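Each chain, letter by letter, is given below.
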Amino acid sequence: MSKISLYDLLSQAQGKEKVNMQQLYGDVLVRKSIQKRIPLSVQFELLPLCNFSCKFCYVRMTAQEVEQSGNHIMRFADWKEQIDGARSLGASSMTFTGGECTIHPDFIDIYEYAYNCGMQVCMISNGSNITEEMLDLFRRCPPSKIFITLYGMSEKAYADTCGNGAAFEKVIQNIQTLKALGIHLILNYTAGKENFADMEAVLAFGREQKMEVIPTNALIHKDKCTADTLQNELVDYYDYLKLEHQHLSILRGKSFEAFEESYFSSFFEPIPAEEGGLQCNAGRCTYTVNWLGKMKPCANFDFPQYDPRKIGFESAWKKIVEWADSVPLLEECESCIFQPKCRRCAAMHYGDMGEFNRVSPRFCFKKLFPQQAETMLAKYEQLKAEGKIESLNRWNNGGEEQTDPIGRCP
Ligand SMILES: C[S@@+](CC[C@H](N)C(=O)[O-])C[C@H]1O[C@@H](n2cnc3c(N)ncnc32)[C@H](O)[C@@H]1O
Ligand code: SF4
Ligand code: SF4
């Protein structure tokens, strides 16, 4: 397997006016950790409970459901064991999520313990329950990032989507307070039927506040977000993409037309997988622990699950790695010139199709835009025949419209 050299670093930086050293360092660290299969970062779903009840949520349980399951929320001592276990495997970054991690009765102790162990601490929150004690905590132990999901820009969107209209004002206030503390905030926006009317306003808010917004329309299909929920909540893909492109064109100082023109004419030499198995970070340099303390590859997969308290952390991680390495590739994508335009998360495709190696049409550029894809494919074949296609590699394929504009693992 190739080593990361100064040449790799310089190649990645080549052609870019500004180089984000932190990002570059992070990328290298991630690559190294994948090579060595070290779980660099771990996500802890502290509890499945939440003070919101989003219609599309894939994880939330009511207190009654928790009770009926016969299980209990894990307390500080259990999470301390999980943090120590992750550290013993080499983790240096931890993200707290849920449910809503800020409503966990031991949130402050758990967070502070991880921080004092030298971890970079992040959290994903709905931003509605940031108390004075938490602000003190963040002053003492600054998080490396906080992701706040902004579900709209109105009480109505919050009432209709999250069942908590009153939270809207509070969330906006908390965002301002956290921003004033100098915390690196990133806004998530998850589009459902009831908050889609606010998408433009959410993106505009992010631009005004100079905060990165990561929108998604890619609702994951899992036990809690059933096929029926998905049916009711999925927004029109083309309407969604238009707003995403509008946002990106403003950020890049281009006209919408110029942005789209470029989007619908850029294609790439396919990048074959270096090896089989999952191609993202799950089970390669990261894992998730669910509210019952079970280790799994990521939040998007509910299987496989191993209990590190029963079989040991090393053995649980080894099993997760073995599983991740055995997941079949999405073969249709392997030779495809539209790779960077698609969400190629194996869990998302699996969720829709019920088996690996089948591409879900809702995440596939050539199925979503068959006419444009055909024209682009013909152009590619022509350029290839003329010997005009330059091979692109992982480090230099990042033109503006070349990558999935705002891709993420939800
Ligand atoms: C499960 S929540 C937990 C953290 C916190 N409660 C929040 O809402 O940000 C993490 C992220 O997953 C998103 N999410 C929830 N259900 C989803 C689904 N079915 N598909 C995709 N993303 C989803 C949420 O909007 C949020 O951005
Ligand atoms: S706020 Fe987050 S955890 Fe709570 S219901 Fe919504 S998506 Fe689920
Ligand atoms: S999802 Fe579809 S368009 Fe995207 S890379 Fe795979 S086959 Fe190609």
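Everything that follows concerns the structure shown earlier in this document.
Note that the structure is a prediction, hence the values are computed from the model and not measured.

Calculation criteria
Residues numbered from 1 in each chain as written. Chains lettered and ligands numbered in written order. Predicted model: local features only at pLDDT ≥ 70, side-chain atom pairs only at ≥ 80, totals over all residues. Axes fitted to C-alpha atoms, helices over the stretch in contact; angles between N-to-C directions. Helix = DSSP H or I, 4+ residues; strand = E, 2+ residues; numbered from the N terminus. Parallel < 35°, antiparallel > 145°, perpendicular 65-115°, else oblique. Contact = placed C-beta atoms within 7 Å. Nonpolar A, V, L, I, M, F, W, Y, C, P; charged D, E, K, R; others polar. Near = placed C-beta within 6 Å. Pairing = 2+ DSSP bridges. Buried ≥ 20, exposed ≤ 12 C-beta atoms within 10 Å, placed from the backbone. Arc of directions from axis to C-beta. Right-handed = clockwise from strand over helix to strand, strands pointing away.

### Brief notes about the packing of helix H5 (residues 107–116) against helix H6 (residues 132–140)
Running from amino to carboxyl end, H5 crosses H6 at an angle of 5°, the nearest separation of the two axes being 11 Å. It follows that H5 is roughly parallel to H6 by the angle criterion. Of the residues in H6, those touching H5 at Ile 108, Tyr 111 and Glu 112 are Glu 133, Met 134 and Leu 137. Class assignment for the residues of the contact of H5 with H6 results in four nonpolar, no polar and two charged.

### Some points on the site of ligand 3
Taken together, the residues surrounding ligand 3 are Glu 332, Cys 333, Cys 336, Phe 338, Gln 339, Cys 342, Val 359, Phe 363, Cys 364, Phe 365 and Lys 366. Looking at the shell around ligand 3, the elements with two or more residues in it are helix H15 (331–334) and helix H17 (365–368). A per-class count over the shell around ligand 3 returns eight nonpolar, one polar and two charged.

### Things to note about the sheet that holds strand S2 (residues 93–97)
Taking strand neighbours across the sheet as the criterion, the eight strands line up as S6-S5-S4-S3-S2-S1-S7-S8 in an open arrangement whose pairing is mixed. Lying at the two open borders of the sheet, with one neighbouring strand each, are strand S6 (212–216) and strand S8 (295–296). One ladder, built from four bridges, connects strand S3 (residues 120–125) with strand S4 (residues 145–149); its direction is parallel. Paired with Ser 125 across the strands is Ile 148, a residue of S4. Across the sheet, helix H4 (residues 76–89) lies against strand S1 (41–45), S2 and strand S7 (286–289), angled at about 165° from S1, the strand it touches most.

### Regarding H5
Of all the positions in H5, only Phe 107, Ile 110, Tyr 111 and Ala 114 are classed as buried. Down the axis of H5, the sector holding all buried residues measures 95°, keeping them to one side. In this structure, the buried residues of H5 make contact with H4, S2, S3 and H6. Of the residues trailing H5, Gly 118 is marked for its positive phi of about 95°.

### Observations regarding the pairing of strand S5 (residues 185–190)
Regular strands have side chains that alternate between both faces of the sheet. Within S5, five of the six residues are buried, which leaves it mostly tucked inside the rest of the structure. As defined by bridge partners, S4 adjoins S5 across four bridges and the pair is classed as parallel. Each residue of the ladder has a partner; that of Phe 147, found in S5, is Ile 186. Pairing of S5 with S6 involves five bridges; the strand directions are parallel. Following the sheet pairing, Thr 190 is matched in S6 by Thr 216. The parallel pair S5 and S6 is bridged by helix H9 (residues 199–208), and the resulting crossover is right-handed.

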